[in-house]
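# Chain and residue survey
Take a look at the letters that make up each chain.
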Amino acid sequence: MGRVSVKSSRRTLFRKVPDEWHEEVEVVVVGSGFAGLAAAAEAAGLGARVVILEKMRRYGGNSLISGGGYASWDSKLHLRQELDLGEDSQEQHREDTLVGGDRYNIPALVEIMTRGAPEGLGWLIDTGVQFARTLPRLGGHSAHRSHHAMKYGRGITEPLKKLAINRGAELRTNMTVTAILRKDEDSPVLG
């Protein structure tokens, strides 16, 4: 039997690490929503053996049934200019995100997310995601920056799944992760 350790309000279950594994892979991605599929596609694209574990019987999680939105202060679509929707900036997007999170968010991560938003949107477009030619201003945003995929969430998950699989990632459904194995709280994940 293992022990439960609480650190920073995260629960980590420690169990004895086995001497042998029945299978070894370089990257295990837990969940097959937007983030999981993108991570799997990138890792597989770099040559890693990748397995995606999804607890549901089908891929996509909540992302599959979402509105398929992506917030970005700029894009290669240039919809803001085309539709004459005013100005926006990375600084404004960052501030809106901090305020929207009631300033409980981690500023360094918000900085990375907002600075990289245009590049991420461009990557999705290059992956085959098609976005509507509108740019609404949704709640929490002080500017028009909400890009929405055609076919909603499926419009993002389908191209990402295709890319991940084409690059060699393996998707396994009905796979619940019950523990993350480490030697101790600060060591790398082993299984």
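Before any of the text, the structure's been laid out above.
First things first, this report covers the structure right here in the doc.

A cluster of nonpolar side chains, namely Val28, Val30, Val177, Ile180 and Val189, defines an oily patch on the protein surface of about 410 Å² accessible area. Checked against the element boundaries, Val28 lands in strand S3 (residues 27-30).

A positive phi angle is found at Tyr152, which is not glycine, with a value near 55°. By secondary structure assignment, the location of Tyr152 is in the loop between strand S6 (146-148) and helix H6 (154-166). The class of Tyr152 is exposed, set by a relative accessible area of 57%. Notably, Asn174 is not glycine yet its phi reads approximately 55°, a positive angle. Residue classification places Asn174 among the exposed positions, given a relative accessible area of 53%.

Glancing now at the environment of Gly36. Structurally, Gly36 is set in helix H1 (residues 34-45). Setting aside chain neighbours within four positions, we find Gly36 in contact with Val29 and Gly31.

Another aspect to go through is the sheet that holds S3. With respect to topology, three strands assemble into an open sheet ordered S3-S4-S7, the strand pairing being parallel. Strand pairing shows two members of the sheet lacking a second neighbour, S3 and strand S7 (170-172), which therefore form its edges. Sheet twist, expressed as the average angle between the axes of neighbouring strands with direction ignored, equals 20°. Where strand S4 (residues 50-53) lies against S7, three bridges are found, and the strand directions are parallel. Among the inter-strand pairings, Ile52 is bridged to a residue of S7, identified as Leu171. Of the strands in this sheet, S3 and S4 are in contact with H1, which crosses S4 at around 170°.

Cut-offs and rules
- Residues numbered from 1 in each chain as written.
- Predicted model: local features only at pLDDT ≥ 70, side-chain atom pairs only at ≥ 80, totals over all residues.
- Heavy atoms only, no water.
- Patch = residues over 30% accessible without salt bridge, like charges linked within 9 Å, V, L, I, M, F, W, Y side chains within 5 Å.
- Areas by Shrake-Rupley, 256 points an atom, 1.4 Å probe, with all protein chains shown as cover.
- Salt bridge = Lys/Arg side-chain N within 4 Å of Asp/Glu carboxyl O.
- Helix = DSSP H or I, 4+ residues; strand = E, 2+ residues; numbered from the N terminus.
- Buried < 20%, exposed > 50% of the residue type's maximum accessible area, 1.4 Å probe, protein only.
- Contact = heavy atoms within 4.5 Å.
- Pairing = 2+ DSSP bridges.
- Axes fitted to C-alpha atoms, helices over the stretch in contact; angles between N-to-C directions.

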